[in-house]
Structure formats: C-alpha cells, structure tokens
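Descriptive analysis of the structure
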Amino acid sequence: MTFNRAPIVLPILILAAACSRDDKEARRRAAGPSPSPAALAAVASASAGQALFARCAACHPVRAGAPDRNGPNLHGVMGQRIAQNSARFGYTAALQRVGGRWTPARMDAWLTDPQRFAPGTSMGFPGLADPLDRADVIAYLKVQR
Ligand code: HEC
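Just so it is clear, the model here is predicted, and its values are computed rather than measured. (Residues numbered from 1 in each chain as written. Predicted model: local features only at pLDDT ≥ 70, side-chain atom pairs only at ≥ 80, totals over all residues. Heavy atoms only, no water.)

**Regarding the overall build of the protein**
To keep things clear, this is the line we draw: Helix and strand definitions here come from DSSP, where helices need a minimum of 4 consecutive H or I residues and strands a minimum of 2 consecutive E residues; each element is numbered from the N-terminal end. Three labels apply to residues, based on accessible area from a 1.4 Å probe with only protein chains included: buried if under 20% of the type maximum, exposed if over 50%, partly exposed otherwise in between. We call two residues contacting when some pair of their heavy atoms lies within 4.5 Å. Computed by Shrake-Rupley with a 1.4 Å probe, the accessible areas treat only the displayed protein chains as cover when residues are assessed.
A tally of helices and strands in the protein yields eight helices and zero strands. A total of 145 residues make up the protein; the buried ones form 37% of that total. Intrachain contacts of the protein at a sequence separation of at least 6 include 40% that bridge at least 24 residues. Split by element, the accessible area of the protein, about 8800 Å² in all, is 60% carbon and sulfur.

**A look at helix H8 (residues 131–142)**
Test applied: An expected span of 1.5 Å times one less than the residue number is assigned to each helix.
Over its 12 residues, H8 runs 16 Å from end to end, which matches the ideal 16 Å to within 8%, given 1.5 Å per residue. H8 sits mainly inside the fold: 10 of its 12 residues count as buried. For H8, the set of buried residues is Leu132, Asp133, Arg134, Ala135, Asp136, Val137, Ile138, Ala139, Tyr140 and Leu141.

**Thoughts on the site of the ligand**
The test is simple: Residues are labelled near a given molecule or strand when at least one of their non-hydrogen atoms is within 4 Å of it. Pairs of N or O atoms are called polar contacts if they sit within 3.5 Å, as long as, within protein, a hydrogen donor faces a hydrogen acceptor (for residues adjacent in sequence, only side-chain-to-side-chain pairs). Grid points spaced at 1 Å over the protein atoms alone were grouped into cavities, where a 1.4 Å probe fits but cannot get out, and pockets, open sets with protein on both sides within 12 Å along at least five of seven lines, with lining residues defined by an atom within 4 Å of a point. Cavity and pocket membership follows a simple rule, namely that a molecule belongs there if more than half of its atoms are within 2 Å of the grid points. The residue classification treats Ala, Val, Leu, Ile, Met, Phe, Trp, Tyr, Cys and Pro as nonpolar and Asp, Glu, Lys and Arg as charged. All others, Gly included, are polar.
As a matter of local geometry, the ligand sits amid 27 residues, with Cys56, Cys59, His60, Thr92 and Met123 nearest to it. Between the ligand and Ser122 there is a distance of 3.2 Å, counted from an oxygen atom to a backbone nitrogen or oxygen. Judged by the proximity of its atoms to the pocket grid, the ligand belongs to the largest pocket. When residues of the shell around the ligand are traced back to their parent elements, those giving at least two are helix H4 (54–57) and helix H6 (104–112). Per-class residue counts for the shell around the ligand are 17 nonpolar, nine polar and one charged.

**Here's the deal with the coordination of the iron atom of the ligand**
Note the following rule: Donors, by definition, are the N, O and S atoms found within 2.8 Å of a metal, the threshold being 3.2 Å for Na, K and Ca, and water is not counted, so a site can look incomplete. Key to geometry: four donors with every angle between 85 and 135 degrees are tetrahedral; four donors are square planar and six octahedral where opposite donors lie over 155 degrees apart and all remaining angles lie between 65 and 115; all other sites are irregular.
Coordination of the iron atom of the ligand by the protein involves His60 (NE2) and Met123 (SD), with metal-donor separations of 1.9 to 2.1 Å. Its six donor atoms give the iron atom of the ligand angles of 86 to 178° at the centre, a pattern that matches the octahedral case. Of the two residues, His60 sits in the loop between H4 and helix H5 (93–96) while Met123 sits in the loop between helix H7 (114–117) and H8, which places them 63 residues apart along the sequence.

Following this line, the structure appears as structure tokens:
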C-alpha cells in the first residue's frame, strides 16, 4: 500500500513558515515605530540571525579556527578590531583604513551598505535592507564568542 505524505507535510511546512514570519512581525511591532538601534537590539533573535547567516556562510565560516573562505572567519568578530578578525586573511586597504572596533552601530552600518561603509571593499555583498534582519545577524555574531 502506498501512502502519500505530501498532504500532511505541506501544511506543516506552510504553518512553520507562517509562524516564523509572525514571530518576526511581532518582534517588529514590539520594537515600535522607527525603532532605535537599542529597541531593535532588545527584540533581536540570535536564532533568526543564524538562519539569515546562510546568506553570509558561502564566504564566511564562524566556527573557531575554521579556515577563511572568500571572506574571513567571523568567530568572535563583535568587539574585534576592524579588518583584523582573521590573522591570515588578506584584507583590502579600503577596510583596513576604517580603523577602530566592531561595535553594534558600526556593524549595522557595514551590513546596510558595505561599499558605503568602506568604499572599495572586496566584500561582494549588497547589504541587508531590513534593520531587524541586521539586528538579528548582529545578535547571532555576538553569541559566536
Ligand atoms: C560574496 C562573499 C561575501 C558575502 C556573501 C559576505 N561577505 Fe563579509 N566579507 C567578504 C570579504 C571578501 C571580506 C573582506 C573585505 C575587505 O577586506 O575589504 C568580508 C568582510 C567582512 C567583515 C569584516 C571582518 C573583519 O575582520 O573585520 C564582516 C564583519 C563581514 N564580512 C560580515 C558579513 C556578514 C554578516 C555577511 C552576511 C550578511 C557577509 N559578510 C556576507 C565576503 C563576503
């Protein structure tokens, strides 16, 4: 006897997707209209950030000691000196000349528009348009310590 699982599995998948979207919209509402970075950080989700990190993972490992790829290893990058998280990676002068450390505000600016933050950077990534997505990714990067 054959048993077709699709009619059961499909609604479950749709429900799961709807739930995570609702959670995101609930978090967005909780942060209020035109939320401050602090308000976004308060509702940010490291697990949502981990899912979003799929967009970064082709270029960036985060596991401690993992070799760099197209981009440097990001383990422990929050609070680290800019363009120095991986001792072996060949950073551009564009990113090196920024100076200072990765604060949440600077990471937010970088992830909004890498080329604007460090004109000439080799990070071939257009940026994350949604402030809550950026706050989620930053929350994830923080727990990679
Ligand atoms: C197509 C490859 C690619 C993608 C996708 C990408 N990056 Fe990068 N990233 C790079 C490269 C290359 C650099 C080095 C840039 C330079 O030296 O100018 C970099 C640098 C960085 C740095 C600076 C590290 C340090 O040591 O200061 C951070 C932080 C970073 N990326 C975060 C992210 C995040 C978060 C995402 C996903 C939202 C992402 N990147 C997506 C390639 C990528």
